[in-house]
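Architecture at a glance
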Amino acid sequence: MLQFLRFTLCDGGVEQRQMHRQIGIFVNNIHEDLTDGEGYGIVDFWKSGVCNASGAGDKNTSGLSPRKNIPLDYYSNKADASDSWWEYAAFPIIRYAEILLNYAEALNEYYEDGKDNEILDCLNQIRNRAGIPSYTGSYTQDELREMIRHERKIELAYEGHLWWDMRRWRLSEEAYNGYRVHGLKITKEGSGYRYAYVDCDGQDRKFLSRMYRLPIPNAELQNNNAIQQFDEWNF
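For the structure given in this document, a descriptive report is provided here. In this text the structure is predicted, and so the values were computed from the model without any measurement.

1. A look at the overall build of the protein chain
Along its length, the protein chain carries seven helices and eight strands. Taken over 235 residues, the protein chain has a buried fraction of 33%. Long-range contacts, defined as pairs at least 24 residues apart, comprise 49% of the intrachain contacts of the protein chain with a sequence gap of at least 6. When the accessible area of the protein chain is evaluated, it comes to approximately 15400 Å², of which 50% is carbon and sulfur surface.

2. Quick notes on helix 2 (residues 96-110)
Look at helix 2: 21 Å from first C-alpha to last across 15 residues, which is about the 21 Å you get at 1.5 Å a residue. Looking at helix 2, one finds that the buried residues are A97, E98, L100, L101, A104, E105, L107 and N108. The secondary structure elements touched by the buried residues of helix 2 are helix 3 (116-129), helix 4 (141-155) and helix 5 (162-168).

3. Observations concerning a nonpolar patch on the surface
Residues F91, I93, I94, Y96 and I99 make up a contiguous nonpolar surface patch of about 610 Å² in total accessible area. Here F91 is to be found in the loop between helix 1 (78-85) and helix 2.

4. As for the packing of helix 2 against helix 3
Contact geometry of helix 2 with helix 3 gives a least axis separation of 9 Å together with a crossing angle of 160°. Our classification of the angle between helix 2 and helix 3 gives roughly antiparallel. Here helix 2 runs over helix 3; the crossing is left-handed. In this structure, helix 2 contributes Y96, A97, L100, L101, Y103, A104, L107 and N108 to the contact, and helix 3 contributes E118, I119, C122, L123, Q125 and I126. Class assignment for the residues of the contact of helix 2 with helix 3 results in 11 nonpolar, two polar and one charged.

5. Quick word on the pairing of strand 7 (residues 182-189)
Pairing analysis gives eight bridges linking strand 7 to strand 8 (residues 192-199), with the strands arranged antiparallel. When the sheet's bridge partners are listed, K185 is paired in strand 8 with A196.

6. Some points on unusual backbone geometry
The backbone of Y158 shows a phi angle near 65°, a positive value even though the residue is not glycine. With respect to the helices, strands and loops of the structure, Y158 is situated in the loop between helix 4 and helix 5. Looking at Y158, the relative accessible area reads 48%, which means it is partly exposed. Not every positive phi belongs to a glycine, and R170 is a case in point at roughly 60°. Position of R170 relative to the elements: it lies in the loop between helix 5 and helix 6 (172-175).

7. Details of helix 4
In this model, helix 4 (15 residues) spans 21 Å end to end at C-alpha, consistent with the 21 Å of a helix rising 1.5 Å per residue. The set of residues buried in helix 4 consists of Q141, L144, R145, M147, I148, R149, E151, R152, I154 and E155.

8. Describing the side chain of S172
Assignment of secondary structure puts S172 in helix 6. A polar atom in the side chain of S172 sits 3.3 Å from the backbone nitrogen of R167. The contact partners of S172, leaving out residues within four places of it in the chain, are W163, M166, R167, N177, F207 and Y212.

9. Considering the packing of aromatic side chains
Each aromatic ring pair is summarised here by two numbers: the centre-to-centre distance and the angle between the ring planes. In the structure shown here, the tally under the stated rule is seven aromatic pairs. On the basis of an interplanar angle of 35° and a centroid distance of 6.1 Å, the ring pair of W233 and F235 is categorised as tilted. F235 sits in the exposed class, given a relative accessible area of 71%. Here the aromatic cluster, defined as three or more aromatic residues joined through ring pairs, consists of W163, Y176, Y179, F207 and Y212. Its guanidinium or amino end placed over the ring of Y111, K115 lies 4.8 Å from that ring's centre, counting from NZ or CZ. The residue whose ring lies beneath R127 is Y135, and the NZ or CZ to ring-centre distance is 4.2 Å.

Definitions and limits used
- Residues numbered from 1 in each chain as written.
- Predicted model: local features only at pLDDT ≥ 70, side-chain atom pairs only at ≥ 80, totals over all residues.
- Heavy atoms only, no water.
- Helix = DSSP H or I, 4+ residues; strand = E, 2+ residues; numbered from the N terminus.
- Buried < 20%, exposed > 50% of the residue type's maximum accessible area, 1.4 Å probe, protein only.
- Contact = heavy atoms within 4.5 Å.
- Areas by Shrake-Rupley, 256 points an atom, 1.4 Å probe, with all protein chains shown as cover.
- Expected span 1.5 Å × (residues − 1).
- Patch = residues over 30% accessible without salt bridge, like charges linked within 9 Å, V, L, I, M, F, W, Y side chains within 5 Å.
- Salt bridge = Lys/Arg side-chain N within 4 Å of Asp/Glu carboxyl O.
- Axes fitted to C-alpha atoms, helices over the stretch in contact; angles between N-to-C directions.
- Parallel < 35°, antiparallel > 145°, perpendicular 65-115°, else oblique.
- Left-handed = near helix turned anticlockwise from the far one by under 90°.
- Nonpolar A, V, L, I, M, F, W, Y, C, P; charged D, E, K, R; others polar.
- Pairing = 2+ DSSP bridges.
- Polar contact = N/O pair within 3.5 Å; in protein donor to acceptor, adjacent residues only side chain to side chain.
- Phe/Tyr/Trp six-rings, centres within 6.5 Å; stacked < 30°, edge-to-face > 60°.
- Lys NZ or Arg CZ within 6 Å of the ring centre and 35° of its normal.

Next up, the structure:
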């Protein structure tokens, strides 16, 4: 389950919170004291809470916590939670869903048309598994490209793909340049909570076109005179 919050900001913080869900992974908006039947505190992400204390330790800047690849019974009770801390989980190097997405993308990029049914079958296998309606109809190559990219972003979220996908699609320079990272600051006020959408570190992100290809290390250039640095890194 992929859960997103859509915030409506006002002077007092967040006025409305609507949960939008899309099957795929869990992202829990845990902002209150969450305890089990024994009163065992699990997480609380509000400012100065045990998971977001003012001192050194783990932090949650965004207010959202991914639950992907974490056992579903992690928050059962104190004993079970303690056991799950040491639980070994197999890490999938590649999932069948990624194979389908890779194949769909390859079909769409290699063939300009005529492969709609195969491409949609790949996408719909993923969507149907999650209970999401199938794509129907016919689409252009550009439309299919956007659909495939959207499905990758959702299905493979928090699996370390998006950064590299954006690079190979040559979209990083547009998407990752001149923006700032924001998060949700949660402050406990009496029995309630105050929400504020804040700038995390006051730093502008920068992705230059030359960053699509990393420079040849100086040590390699010094060891081999026949090698020349890429033009974009000669400055």
